[in-house]
Amino acid sequence: MTVIFGSALNRRVLIPQKNSVKLVFKLCFFQTVAQYIFFCIGLAHTSGVKASIIEGSNVFLALTFACLIFKLEKLTVRKVLGCLLGFFGVIAVNIGGGELSRVNFLGDGFIFLSTVAYAVSSGLIKIYLAEENPVTLSGWQFFAGGLIMILAGLVFGGRITAVNQSGILMLFYLAFVSAFSYSLWGILLKYNPVSKVAVIGFSNPVFGVILSALLLGEKNQAVNPLSLGALILVCIGIYIVNTQKKLAK
């Protein structure tokens, strides 16, 4: 979808440059293969509420990786404080008793590993966009990563056994969400610092908890002191990191 839409908008077929092919495969390993495999397996073994809040750590990890590993920007006191508050929010949902306190590595652990893959891909795509068009890079890494995952699924016995109209529509909906959001994400990263783009992702756990309560019936987990406290900490982290430049003037 990304390649087709991007080609239509640019009125030419988007094909990566010869020296960008290796970048596509490096990026697809972290952004698509590792992130989606860990996330989908993890989500099957934990609740939507916990997954949404743990996913909030991907922003803090992206900031840390961009500053300390990829050296794309400086790590300031306000960024550190925002990261700490966010991680406290993640920890808060796993303490204090009840279902949210039980840590499941195959569920919660895999969700966290998917956030690590996201953080690495954020730094890589920021670097790689100096050599390639963001839509081209996003589209072809999706295509390559998708093929790898399909082949892996078939090798390990995976099959789509129930095909119906609702399932097909849902598949195309999920594909559209990924294609559209990651293309915008790539374009934003090309022209903005990782920290400025990453903080937008802090809203993911907030919407995740709300939608889990409304659509999945997880109201008991969504509306309780631990979950609400965790979301408050995450929101404070968003504010601190997002207002950094403004307050520094």
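Before any of the text, the structure's been laid out above.
What counts, and where the lines are drawn
- Residues numbered from 1 in each chain as written.
- Predicted model: local features only at pLDDT ≥ 70, side-chain atom pairs only at ≥ 80, totals over all residues.
- Heavy atoms only, no water.
- Helix = DSSP H or I, 4+ residues; strand = E, 2+ residues; numbered from the N terminus.
- Buried < 20%, exposed > 50% of the residue type's maximum accessible area, 1.4 Å probe, protein only.
- Polar contact = N/O pair within 3.5 Å; in protein donor to acceptor, adjacent residues only side chain to side chain.
- Contact = heavy atoms within 4.5 Å.
- Core = buried A, V, L, I, M, F, W, Y, C linked by side-chain atoms within 4.5 Å.

Quick look at the side chain of threonine 46
Here comes step 1: Secondary-structure assignment places threonine 46 in the loop between helix H2 (21–43) and helix H3 (48–55).
Here comes step 2: Exposure remark for threonine 46: the relative accessible area of 17% places this residue in the buried category.
Here comes step 3: At a separation of 2.8 Å, a polar atom in the side chain of threonine 46 contacts the side chain of aspartate 108.
Here comes step 4: Beyond its immediate chain neighbours, meaning those up to four positions away, threonine 46 contacts Ala51, Gly107, Asp108 and Ile111.

Quick notes on the nonpolar core
Here comes step 1: Counting residues in each nonpolar core, the largest one holds 31 residues, and the members touching the most others are Ile125, Leu137, Trp185 and Leu189.
Here comes step 2: Going through the elements one at a time, H2, helix H4 (57–69), helix H6 (105–128), helix H7 (134–155), helix H8 (165–191) and helix H9 (194–198) are the ones with two or more residues in this core.
Here comes step 3: With seven residues, the single largest contributor to this core is H4.
Here comes step 4: Setting aside anything within four residues of it in sequence, one finds tryptophan 185 in contact with Gln31, Tyr118, Ser121, Ser122, Ile125 and Val197.

As for the environment of glutamine 31
Here comes step 1: Along the chain, glutamine 31 turns up in helix H2.
Here comes step 2: Taking relative accessible area as the criterion, glutamine 31 reaches 0% and is therefore assigned buried.
Here comes step 3: On a C-alpha basis, the gap between glutamine 31 and serine 122 in space is 8.1 Å, while along the polypeptide they are 91 residues apart.

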